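Reading the structure
Read off the chains here:
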Amino acid sequence: GQNIDQPTEMTATEGAIVQINCTYQTSGFNGLFWYQQHAGEAPTFLSYNVLDGLEEKGRFSSFLSRSKGYSYLLLKELQMKDSASYLCAVLGSARQLTFGSGTQLTVLP
Amino acid sequence: GAVVSQHPSRVICKSGTSVKIECRSLDFQATTMFWYRQFPKQSLMLMATSNEGSKATYEQGVEKDKFLINHASLTLSTLTVTSAHPEDSSFYICSAIRAGGPETQYFGPGTRLLVL
């Protein structure tokens with residue numbers, strides 16, 4: 001089975017840095033994705049990690065440790081538009097994504 | 001780019017009617033498409049995996065006779081909700097994987113279904 005945990009809500013201040021953690025226990029693993037989803041919209045792709053380590057892409061970075069079943073998404077220089085739900089998703093052996101429940105991030109001025 | 005469209009974006013129908021939702025990959029070919037359902041304040045739940053030219057694979061608990069999926073071409077998959085009921089009201093989202101490409105799923109904008 002698949003079990004993916006991430007915090008339900010987080011709050012941070014504009015210009016700050018926030019780290020959203022995700023832990024997973026899955027029967028098959030072919031990589032981990034992070035998606036951003038604004039209310040009422042479809043998810044948009046942020047990052048994909050299949051090997052251990054840090055992937056940096058502009059203000060967003062994502063880290064993976066397969067031995068620990070752990071990933072985080074790091075958002076730097078937060079902007080108001082970053083307020084959204086951030087979804088951690090694990091790619092299983094059948095090319096299927098299993099999503100966590102999402103972390104609702106609120107960026108305050 | 002990797003653009004996926006869905007049509008319609010929003011639909012309201014009466015209980016007992018059928019609703020068809022189209023998912024198209026606009027600038028790439030997709031051998032595999034996925035259909036998800038998302039209820040308010042919940043995460044995406046995979047309903048089925050749609051492979052071009054073959055029968056869809058449904059997740060446990062999803063009725064294949066109620067949610068008909070057709071993936072007739074490399075750029076189009078359709079989901080038909082048959083005899084819709086109010087409990088089928090939800091946000092339906094499709095995604096597509098580029099044929100021969102990495103495993104990144106690109107999502108359509110979603111279809112909001114309201115069954116009265």
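Here goes a summary of the coordinates provided.

Each value, and the rule that gives it
- The numbering scheme is per chain: residues are counted from 1 as the chain's sequence reads.
- Starting at A for chains and at 1 for ligands, labels are handed out in the order in which the entities are written.
- Given that the model is predicted, a residue must reach a pLDDT of at least 70 before its local features are reported, and side-chain atom pairs must reach 80 or more before they are shown or counted; all residues, however, enter totals for whole chains, interfaces and linings.
- Side-chain calculation: all heavy atoms of the structure are included, whereas hydrogens and water are not.
- Any two cysteine sulfur atoms within 2.5 Å of one another count as a disulfide.
- Each helix corresponds to a stretch of at least 4 residues labelled H or I by DSSP, and each strand to a stretch of at least 2 residues labelled E; elements are numbered beginning at the N terminus.
- Each residue gets one of three labels from its accessible area relative to the maximum for its type: buried under 20%, exposed over 50%, partly exposed in between, using a 1.4 Å probe on protein chains only.
- A pair of strands is treated as paired once DSSP finds two or more bridges between them.
- Note on ring pairs: Phe, Tyr and Trp rings are taken, using the six-membered ring of Trp, and paired if centres are within 6.5 Å. Classes follow the plane angle, with under 30 degrees stacked, over 60 edge-to-face and the rest tilted.

As for the state of the cysteines
Residues and elements named next belong to chain B.
- Applying the stated criterion across every chain, the model contains two disulfides over all chains.
- A sulfur-sulfur distance of 2.0 Å marks the disulfide that ties Cys 23 to Cys 94. Across the disulfide from Cys 23 to Cys 94, rotation about the S-S bond amounts to roughly 80 degrees, and the bridge is consequently right-handed. Here Cys 94 lies in strand E9 (residues 90–97) and Cys 23 lies in strand E3 (residues 19–25), a separation of 71 residues in the sequence. For the pair Cys 23 and Cys 94, a shared accessibility class is recorded, and that class is buried.
- Left without a disulfide partner, Cys 13 is nearest to the cysteine sulfur of Cys 94, which lies 18 Å away.

A short note on the pairing of strand E9 (residues 84–91) of chain A
Residue and element names in this part refer to chain A.
- Taking burial as the measure, the eight residues of E9 include eight buried ones, the bulk of the element.
- Bridge count for strand E4 (residues 32–37) against E9 is six bridges, and the pairing is antiparallel. Across the sheet, residue Leu 32 finds its bridge partner in E9, namely Val 90.
- Two strands pair when backbone bridges link them, and E9 and strand E11 (residues 103–108) are joined in this way by three bridges, in the antiparallel orientation. Residue pairing in the sheet places Tyr 86 in a bridge with Thr 103 of E11.
- Here E9 runs beside strand E10 (residues 97–99); their pairing, made up of three bridges, is antiparallel. Residue pairing in the sheet places Ala 89 in a bridge with Phe 99 of E10.
- Once E9 ends, the chain turns through five residues before running back antiparallel as E10, passing Arg 95 with a positive phi of about 65 degrees.

Focus on the packing of aromatic side chains
- The final tally for this structure, using the stated rule, is 15 aromatic pairs over all chains.
- Plain terms: the ring middles of Phe 99 of chain A and Phe 107 of chain B are 6.0 Å apart, the flat faces sit at 70 degrees to each other, and that makes the pair edge-to-face. One end of the pair, Phe 99 of chain A, is in strand E10; the other, Phe 107 of chain B, is in strand E10 (residues 105–107), on a second chain. Across this residue pair, the class does not change: Phe 99 of chain A and Phe 107 of chain B are buried.

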